[in-house]
Amino acid sequence: MEATPLPFIIYNIPQTTGYTLTPALFEKLLANKKVIGVKNSSMPPMDIERFKRVGGKDVVVFNGPDEQYVAGRIMGADAGIGGTYAVMPELFLQANKFVLAGKFEEAGQLQSDINDIIIALCSLKGSMYAEITEVLRLRGVNVGSVRAPLEGIAAEDAGPIADIMKLIDQAIEKYCG
């Protein structure tokens, strides 16, 4: 933690690291004043509540899994950082508005539609991130493609990507109209 003079966020992503940040360890890490929060990408929303409880109001807790954005916000996440936000920012902003307004049923319905889009993004041949960069490119934002070892989009994914864009547009019209 001495490698930088800057404040930083702990990243808890046990699916890829094989290690789960516990509330007890997080509490110990918070003794270092440079630690200002955690991005929690573990799947149980309860972890967000536990980290917020340990850190208190002055510690930032970000929800990681896009599939549980609404649950994470309800459980105490201050905000979210997600991989699919770039292709549907309007939907995540609207979900946040619903949560802040206490419209939990609407937020849950929107999360369900977001999850349908995420499942569609993950169902193609290339990596989800390749599909995201292609949607962005088709919308006029060329960020390039993914780097190895991630697979780029496959030729047969062109039709399904257009269908995913329609799903996104329909959800935006439905919730943000």
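So, here is what we can say about the structure in this document.

Criteria and cut-off values
- Residues numbered from 1 in each chain as written.
- Predicted model: local features only at pLDDT ≥ 70, side-chain atom pairs only at ≥ 80, totals over all residues.
- Heavy atoms only, no water.
- Pairing = 2+ DSSP bridges.
- Helix = DSSP H or I, 4+ residues; strand = E, 2+ residues; numbered from the N terminus.
- Axes fitted to C-alpha atoms, helices over the stretch in contact; angles between N-to-C directions.
- Parallel < 35°, antiparallel > 145°, perpendicular 65-115°, else oblique.
- Left-handed = near helix turned anticlockwise from the far one by under 90°.
- Contact = heavy atoms within 4.5 Å.
- Nonpolar A, V, L, I, M, F, W, Y, C, P; charged D, E, K, R; others polar.

1. Description of the sheet that holds strand β3 (residues 60–63)
Thought 1: Read from one edge of the open sheet, four strands run β1-β2-β3-β4, paired in parallel fashion. Among the strands making up the open sheet, the edge pair consists of β1 (8–12) and β4 (79–80).
Thought 2: As defined by bridge partners, strand β2 (residues 35–40) adjoins β3 across four bridges and the pair is classed as parallel. Among the inter-strand pairings, Asn40 is bridged to a residue of β3, identified as Asn63.

2. Describing the packing of helix α5 (residues 89–100) against helix α6 (residues 104–122)
Helices that pack against each other are described as a pair by the angle of their axes relative to one another and the distance between those axes.
Thought 1: Close contact between α5 and α6 brings their axes to 8 Å; oriented N to C, the two are set at 160 degrees. Here α6 runs roughly antiparallel to α5, going by the angle between their axes. Of the two elements, α5 crosses α6, and the hand of that crossing is left-handed. Only Phe104, Glu106, Ala107, Leu110, Ile114 and Ile117 of α6 make contact with α5, whose side of the interface consists of Leu91, Phe92, Gln94, Ala95, Phe98 and Val99.
Thought 2: When the residues that make up the contact of α5 with α6 are grouped by side-chain class, the tally is 10 nonpolar, one polar and one charged.

3. Some details on the side chain of Lys39
Thought 1: Its place among the elements puts Lys39 in strand β2.
Thought 2: Residues contacting Lys39, with those up to four places away along its chain left out, are Ile9, Ile10, Tyr11, Asn12, Phe62, Gly64 and Ile81.

Interpretation in functional terms is not warranted from these geometric data alone.
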